[in-house]
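Descriptive structure summary
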There are 2 protein chains.
Amino acid sequence: MSARALPYRPHNHDACVNQALAEAKAICQQQNARLTPTRERVLELVWQSHKPLGAYDVLAKLTSEGHNAAPPTVYRALDFLQQYGLVHRIASLNAFTGCTHAGKHHTGMFLICRACGNALELTDTSVSTAIYNAAGAEAFCTETVTLEVTGLCPSCQTEQHHE
Amino acid sequence: MSARALPYRPHNHDACVNQALAEAKAICQQQNARLTPTRERVLELVWQSHKPLGAYDVLAKLTSEGHNAAPPTVYRALDFLQQYGLVHRIASLNAFTGCTHAGKHHTGMFLICRACGNALELTDTSVSTAIYNAAGAEAFCTETVTLEVTGLCPSCQTEQHHE
DNA sequence: CTGCGAATGTTATAATGTTACAAATTTTGC
DNA sequence: GCAAAATTTGTAACATTATAACATTCGCAG
Ligand SMILES: [Zn+2]
Ligand SMILES: [Zn+2]
Ligand SMILES: [Zn+2]
Ligand SMILES: [Zn+2]
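Note that the structure is predicted; figures quoted are calculated from it, not measured. (Residues numbered from 1 in each chain as written. Chains lettered and ligands numbered in written order. Predicted model: local features only at pLDDT ≥ 70, side-chain atom pairs only at ≥ 80, totals over all residues. Heavy atoms only, no water.)

Concerning the protein's contact with DNA strand D
Around DNA strand D, the structure places 16 residues, and the nearest of them are T36(A), N68(A), R76(A), Y56(B) and R89(B). In the interface set of DNA strand D, defined as its atoms within 4 Å of the protein, sugar plus phosphate atoms amount to 52%. At a separation of 2.6 Å, a base nitrogen of DNA strand D approaches a polar side-chain atom of R76(A). A distance of 2.9 Å separates a phosphate oxygen of DNA strand D from a polar atom in the side chain of Y75(B). At the level of secondary structure, the elements contributing two or more residues to the surface near DNA strand D comprise α4 (71–83) of chain A together with α4 (71–83) of chain B. Classifying every residue of the surface near DNA strand D by side-chain character gives six nonpolar, five polar and five charged. (Near = heavy atom within 4 Å. Polar contact = N/O pair within 3.5 Å; in protein donor to acceptor, adjacent residues only side chain to side chain. Helix = DSSP H or I, 4+ residues; strand = E, 2+ residues; numbered from the N terminus. Nonpolar A, V, L, I, M, F, W, Y, C, P; charged D, E, K, R; others polar.)

Thoughts on the relation of the copies chain A and chain B
Copies of the same chain, two in number, are related to each other by a rotation about an axis and a translation along it. The operation relating chain A to chain B is a screw motion whose rotation component is 180°, with 0.0 Å of axial translation and a residual RMSD of 0.1 Å. Such a combination of rotation and displacement between the chain copies is what one expects of a two-fold axis. Looking at the rotation axis and the C-alpha trace of chain A, the residue lying nearest is L147(A), at 2.3 Å. A symmetric contact is evident, with 100% of the interface residues of chain A recurring at the interface of chain B. (Least-squares fit on C-alpha atoms with pLDDT ≥ 70 in both. Contact = heavy atoms within 4.5 Å.)

Here's the deal with unusual backbone geometry
Residue and element names in this part refer to chain B. One non-glycine residue, N32, lies in positive phi territory at about 55°. Its location among the elements puts N32 in the loop between α1 (13–30) and α2 (37–47). Its identity is not glycine, yet A139 carries a phi of approximately 60°, on the positive side. Locating A139 in the fold gives a position in the loop between α5 (125–137) and β5 (141–152).

Geometry only, nothing functional implied.
This is the structure:
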């Protein structure tokens, strides 16, 4: 319905997170998957900002809340969330971010600002088609696409003249 | 001139490596960069196959040759080689592969076969243009692109009916 | 030769991710 | 409800990838 707010624009982030959590619950219910408290809490932590979060950052937050967590706790939750398309792993950052297109079949393309660290997930048909075709031209059968663009987001471009 | 052989097709791989080394020497000479024996050996090891090689795999090979190497030896050489565009890091594999377009300004797109492990580097203008445009539509200033496609290469697709 | 910067050696450690097995919890069949 | 089965979580150890810090050596200009 409404387009999701851009990460690097001020927006009502609580609403942003709540929407994501509600969608996640719906998706899990639909697929008979159990969004347990730990999994839900990890999803919420990942959504806490639009900067991709490392697994050990999640772990630290859980621990600081008194949760008795170890690395497998976090990685298992993240695996589950990835499996149901609720979070993405950003390979170039070894970090995780909430999927803004959960439930829809899509190829995530991430614009990652090297200055502020925010990541924006896009879906662009012409990009995915071009990739699929280029791979197909080599008779390659595409299964997954990792597409991560780094650079400067609009906000951070305008700040550049400070240096 | 001649198109480079496809990794998953049989080809004269020695020639493949020799060409890469010769090009590397030329590029370094041109830029006043020192392709020292260690750096050259690491480049050669990375080129030994078309399967991206982990830093610790390189390290093991160096060690087995009697080279007195430690992790920093390898990472420093790889950093150098990346800096001069002679190798690429494959983020989704934590591995490195020789650049097949060294010296040319390009955006690498990698087709990585999950079965045989070979990676083919492509450059496709329509892909890079589409990416650049999609990022531009968000007023994002693109600096680097990580594009890694996994799936099945032609050879491995035909083997599939064995299972 | 001598001094300087680049490159390498060396040791230790940080950051990221996994394995294996035990305990607890939830679901299922009855 | 209740026991068996399956799923989830806890726990400890470990594996892999990468970097920091500092000493040493090497290549070269003066
Ligand atoms: Zn997504
Ligand atoms: Zn920014
Ligand atoms: Zn390349
Ligand atoms: Zn293959």
